[in-house]
Amino acid sequence: EKNDISTHELNETEPLKGTTDQDQTESISQYKLSMRRWPLNIFYSTSVVGSALGMLGFSPITDVMQGIYGVSDFEVQLLMLVFVIFYIPLMFPANYLIEHKGISIPIILATILLIAGAWIRMFANYSFYFILVGQILMAMGQPFVVTAPPKIAGLWHSDNEQALGTTLGSLAQPIGAVLGFLLPLPFISDSDKDSPDGKSKMLFYILIQSIIITVISFPILLIVKDKPDTPPSRSAEEFLKIVPESQVKNFCKLMKNRDFLSILGAFSCIFCVYITLGATVGQITKEFEFGAHDNSYFGAVFAVAGILGSFIHAVPLDAYQKYKLQFIIIGITSVMGIVATTLGLYSQIFWVAAL
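Please read these numbers as outputs of a predicted model, since none were measured by experiment.

### Focus on the packing of aromatic side chains
Argument step 1. Within this structure, the stated rule accounts for nine aromatic pairs.
Argument step 2. Chaining the aromatic ring pairs together yields one cluster made of F58, F187, F204 and Y205.

### Remarks on the packing of helix α2 (residues 37-56) against helix α11 (residues 198-217)
Argument step 1. Packing of α2 against α11 leaves a shortest axis separation of 8 Å and a crossing angle of 160°. The pairing of α2 with α11 is recorded here as roughly antiparallel in orientation. Between α2 and α11 the crossing geometry is left-handed. For the pair α2 and α11, contact is made by F43, T46, S47, V49, G50, L53 and G54 and by Q209, I212, I213, I216 and S217, respectively.
Argument step 2. Grouping the constituent residues of the contact of α2 with α11 by class yields six nonpolar, six polar and no charged.

### Let's talk about helix α4 (residues 73-101)
Given 3.6 residues per turn, any residue in an α-helix points the same way as the ones three and four places further on.
Argument step 1. Taking 1.5 Å of rise per residue, 29 residues should cover 42 Å, and α4 covers 41 Å from first to last C-alpha, within 8% of that figure.
Argument step 2. Of all the bends found along α4, the most pronounced is centred on L79 and spans about 55°.
Argument step 3. Every buried residue of α4 is listed here: E75, V76, Q77, L78, L79, M80, V82, F83, L90, A94, L97 and I98.

### Let's talk about a nonpolar patch on the surface
Argument step 1. Among the surface-exposed residues, F92, F251, L254, M255, L261 and L264 lie close enough to one another that they form a single nonpolar patch of about 480 Å² accessible area.
Argument step 2. Mapped onto the nonpolar patch, the elements with two or more residues apiece are α14 (247-255) and α15 (258-286).
Argument step 3. Locating L254 in the fold gives a position in helix α14.
Argument step 4. On the basis of relative accessibility, which here comes to 37%, the residue L254 falls in the partly exposed class.

### A short note on the packing of helix α5 (residues 104-120) against α11
Argument step 1. Packing of α5 against α11 leaves a shortest axis separation of 9 Å and a crossing angle of 160°. Taken together, the axes of α5 and α11 lie roughly antiparallel to each other. Helix-helix and strand crossings are classified by hand; for α5 and α11 the assignment is left-handed. Contact residues: T111, L114, I115, A118 and W119 in α5; L207, S210, I211, I213, T214 and S217 in α11.
Argument step 2. Here the contact of α5 with α11 is composed, by residue class, of seven nonpolar, four polar and no charged.

### Here we look at the nonpolar core
Argument step 1. Core analysis: the largest hydrophobic core is formed by 41 residues, its most contacted members being F58, I61, M65, Y69, I131 and M202.
Argument step 2. Examining the composition of this core, we find that six residues originate from one element, α4, more than from any other.
Argument step 3. Core analysis: the next-biggest nonpolar cluster, separate from the first, contains 22 residues, L97, I103, I107 and I220 among them.

### Things to note about the confidence of the model for the protein chain
Argument step 1. Averaged over every residue, the pLDDT of the protein chain is 81; residues scoring 70 or more account for 85%.
Argument step 2. Taken element by element, the predicted model of the protein chain shows its lowest mean pLDDT in strand β1 (residues 5-7) (45) and its highest in helix α6 (residues 128-141) (96).
Argument step 3. Taken as a whole, residues 1-17 scores under 50 in pLDDT and shows 40 contacts with residues more than four places along the chain or in a different chain.
Argument step 4. Contacts for the low-pLDDT stretch residues 21-27, under 50 throughout, to residues beyond four places or in other chains number five contacts.

The rules behind these values
Residues numbered from 1 in each chain as written. Predicted model: local features only at pLDDT ≥ 70, side-chain atom pairs only at ≥ 80, totals over all residues. Heavy atoms only, no water. Phe/Tyr/Trp six-rings, centres within 6.5 Å; stacked < 30°, edge-to-face > 60°. Axes fitted to C-alpha atoms, helices over the stretch in contact; angles between N-to-C directions. Helix = DSSP H or I, 4+ residues; strand = E, 2+ residues; numbered from the N terminus. Parallel < 35°, antiparallel > 145°, perpendicular 65-115°, else oblique. Left-handed = near helix turned anticlockwise from the far one by under 90°. Contact = heavy atoms within 4.5 Å. Nonpolar A, V, L, I, M, F, W, Y, C, P; charged D, E, K, R; others polar. Expected span 1.5 Å × (residues − 1). Bend = angle between axes of the 7 residues up to and from the residue. Buried < 20%, exposed > 50% of the residue type's maximum accessible area, 1.4 Å probe, protein only. Patch = residues over 30% accessible without salt bridge, like charges linked within 9 Å, V, L, I, M, F, W, Y side chains within 5 Å. Areas by Shrake-Rupley, 256 points an atom, 1.4 Å probe, with all protein chains shown as cover. Salt bridge = Lys/Arg side-chain N within 4 Å of Asp/Glu carboxyl O. Core = buried A, V, L, I, M, F, W, Y, C linked by side-chain atoms within 4.5 Å. pLDDT = per-residue confidence, 0-100.

This is the structure in structure tokens:
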């Protein structure tokens, strides 16, 4: 990879103890940035977008799918819930592979499962359960890809790029959620559930979704690599030397940490709201005479607001380190949002429910 490296001027100017100026110069000169780092990060992020699209691409149109395939509420909700069901047990082997084997094996595995699952759904005209099988395959791959951003940033980016690299990977899933909520708009409408052309329209929508997932996910297979030939910084070099500890030991330590358990509980409640909305938005809103298009906008507003909120809260948090105040603000605004949503649904006023 001789032509794949560009020299990087490090900001790490503090001398190491016990070294001469000549040693420092030689040490600094060995840190170089690979030109592969941004394409790898970008294509990794697009593969996560594809995974989120597959996860939420049916959420706004669950009521329509019920009418087309003649299945129950629960069976349609499983198309999204399988991602949560498989994430919990597969998170541990995914973390093990990333820590002990590098990022290539888990990312390649996740991408193959994602693309294979997407195309298996094309047999939907034979049975609804082909869609469910495809979703299960995609769900099995997701844990192996979504936990990689810190690892990619730590190994491939310099210290002053790591925050951006991690953010790029972390924002991919909510961006995919926005795409998943909005993509059905031009292809599926409420009238399709009783239409003789409903199955053909749904199959065409699945085709479009599968093509998008393949196009944005496949490139990572061509470019993924465990680590650069030359570390980009001193911290990356030290990162490579870290010997991973036992997951069981780390888990036991975390379970004894009260602060961690408090944050875990708060995050779990917030994540439960996100998952519940994704899985049941169609069933909830149809009782108040909102349709599939309304569901798409509801979900997109929810995901976009989450992205904007992360930046709005991150700036003062980084500047003032007021974690408790941020938790209080988030808690108050969350309650206000739930109240506004409830009022909007019962009043059947779209903008109030969306707010």
